[in-house]
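So the chains spell out like this:
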Amino acid sequence: DAMVIQNPRYQVTQFGKPVTLSCSQTLNHNVMYWYQQKSSQAPKLLFHYYDKDFNNEADTPDNFQSRRPNTSFCFLDIRSPGLGDAAMYLCATSPDRGHLEQYFGPGTRLTVT
Amino acid sequence: GENVEQHPSTLSVQEGDSAVIKCTYSDSASNYFPWYKQELGKRPQLIIDIRSNVGEKKDQRIAVTLNKTAKHFSLHITETQPEDSAVYFCAASIGRGSTLGRLYFGRGTQLTVWP
């Protein structure tokens with residue numbers, strides 16, 4: 001009965017090799033968020049989608065892109081991963097922008113070698 | 001944007017004791033304050049939240065208090081148990097404008113409950 005699913009749970013990529021992380025949800029929520037969480041730090045918002053409306057945080061590097069082909073799926077693309085991009089990537093959803101609770105997926109642990 | 005400060009960064013208590021974690025926020029427009037518990041390697045889980053029209057909310061051993069005037073809110077855990085050991089994050093959300101729904105997180109508190 002998983003509601004927010006992330007694949008893969010663990011991803012190893014090489015320095016500079018593009019990688020895609022995926023998030024899917026069975027909740028039919030309008031809003032989807034991508035967070036980066038480094039060790040012993042708070043989750044940092046990268047961007048979010050309100051339906052198809054993409055909202056980028058001002059300090060999100062251009063190296064990070066996102067796609068939302070439909071309500072259920074959202075992808076995080078890292079075009080040229082650096083060692084500093086190693087982190088846990090968390091996807092979260094919310095029913096609507098005015099609905100403030102967010103529901104997190106289990107995360108994808110990204111390792112860059 | 002909103003700035004959330006969280007203290008302490010680490011907290012150790014004996015099983016059965018109470019634990020209190022405090023957060024302050026900067027933007028008076030913030031009106032939603034959730035608390036998340038994150039165990040090692042797992043997702044953040046919402047454990048309790050409070051909205052700005054309420055001063056206190058309780059759920060079994062967990063309570064949250066909010067002081068809008070002072071712009072601070074606190075998490076209280078009573079009768080702590082070893083399974084309460086985790087990192088706890090506070091957050092604030094501004095209920096208007098382009099940042100509607102965006103969560104601003106504190107830096108987290110590592111709570112350790114010793115048996």
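For the structure, check the block above.
Rules used in this analysis
- Sequence positions are assigned chain by chain, starting from 1 and proceeding in written order.
- Ligands are numbered from 1 and chains lettered from A, in the order in which they are written.
- Predicted model: local features are reported for residues with pLDDT of at least 70 only, side-chain atom pairs are reported and counted for 80 or more only, and whole-chain, interface and lining totals are derived from all residues.
- Note: side-chain values were computed over all heavy atoms of the structure, leaving out hydrogens and water.
- Strands are runs of DSSP state E lasting at least two residues, helices are runs of H or I lasting at least four, and both sets are numbered from the N terminus onward.
- Only C-alpha atoms enter the radius of gyration; for comparison, a globular chain is expected to reach 2.2 Å times N to the power 0.38, where N is the number of residues.
- Between buried and exposed lies partly exposed: a residue is buried under 20% and exposed over 50% of the maximum accessible area for its type, with that area taken using a 1.4 Å probe on protein chains only.
- Note on contacts: a residue pair is in contact if any heavy atoms of the two residues lie within 4.5 Å.
- We define a salt bridge as a contact between a side-chain nitrogen of Lys or Arg and a carboxyl oxygen of Asp or Glu at a distance within 4 Å.
- Two strands are counted as paired when DSSP detects at least two bridges linking them.
- Note on geometry: axes are C-alpha line fits, over the in-contact stretch for helices, and angles between N-to-C directions span 0 to 180 degrees.
- We define the nonpolar core as a collection of buried residues of types Ala, Val, Leu, Ile, Met, Phe, Trp, Tyr and Cys that are connected through side-chain atoms lying within 4.5 Å of one another.

**Re the overall build of chain B**
Then, in step 1: A tally of regular secondary structure across chain B gives zero helices and 11 strands.
Then, in step 2: Along its sequence from the N terminus, chain B presents helices and strands in the succession β-β-β-β-β-β-β-β-β-β-β.
Then, in step 3: Rg of the C-alpha trace for chain B: 14 Å, near the compact-globule value of 13 Å for 115 residues, within the 12% margin.
Then, in step 4: Along the first, second and third principal axes, the C-alpha set of chain B runs to 45 × 30 × 20 Å.
Then, in step 5: The buried share of chain B, taken over its 115 residues, is 44%.
Then, in step 6: Of all intrachain contacts in chain B linking residues separated by at least 6 positions in sequence, the fraction that spans at least 24 positions is 54%.

**What about the pattern of salt bridges?**
Residue and element names in this part refer to chain A.
Then, in step 1: All told, the structure shown has six salt bridges over all chains when counted by the stated rule.
Then, in step 2: Between K44 and D59 there is a salt bridge whose closest N-O contact spans 3.4 Å. One end of the pair, K44, is in strand β5 (residues 44-50); the other, D59, is in the loop between β6 (53-56) and β7 (64-67), and 15 residues separate them in sequence.
Then, in step 3: With its nearest N and O atoms 2.7 Å apart, the salt bridge here joins D77 to R67. Residue D77 is located in strand β8 (residues 73-78), and its partner R67 is located in strand β7; the two are separated by 10 residues in the primary sequence.

**Describing the sheet that holds strand β3 (residues 19-25) of chain A**
All names here are of chain A.
Then, in step 1: If you trace the four strands from one edge of the open sheet to the other, you get β1-β3-β8-β7, paired in antiparallel fashion. Edge positions in the open sheet fall to β1 (4-7) and β7, since each of these has one partner strand only. This sheet shows a mean twist of 20 degrees between the axes of neighbouring strands, independent of strand direction.
Then, in step 2: Summarising the sheet, β7 and β8 pair through four bridges and their orientation is antiparallel. Residue pairing across strands places S66 opposite L76, the latter belonging to β8.

**Looking at the nonpolar core**
Then, in step 1: Counting 26 residues, the largest nonpolar core has W35(B), F73(B), L75(B) and L111(B) as its most contacted members.
Then, in step 2: When contributions to this core are tallied by element, the ones reaching two or more residues are β2 (10-14), β3 (19-25), β4 (30-38), β5 (45-51), β7 (62-67), β8 (72-77), β9 (86-94) and β11 (109-114) of chain B.
Then, in step 3: The element that contributes the greatest number of residues to this core is β9(B), accounting for five residues.
Then, in step 4: Once residues lying within four places of it in the same chain are set aside, the contact partners of L111(B) are L11(B), V13(B), A19(B), I77(B), D84(B), S85(B), A86(B) and Y88(B).
Then, in step 5: Formed by 18 residues, the second largest nonpolar core is a distinct cluster that contains C74(A), L76(A), A87(A) and C91(A).

**Some points on the pairing of strand β11 (residues 108-112) of chain A**
For a regular strand, side chains alternate in direction, first toward one face of the sheet and then toward the other.
Residues and elements named next belong to chain A.
Then, in step 1: Going residue by residue along β11, you find T108, L110 and V112 tucked away on one face and R109 and T111 left uncovered on the opposite face.
Then, in step 2: In the sheet, strand β2 (residues 10-13) pairs with β11 via four bridges, with the strands oriented parallel. Bridge assignment links Q11 to a residue of β11, and that residue is L110.
Then, in step 3: Bridge count between strand β9 (residues 87-94) and β11: three bridges; the pairing is antiparallel. Bridge assignment links M88 to a residue of β11, and that residue is R109.

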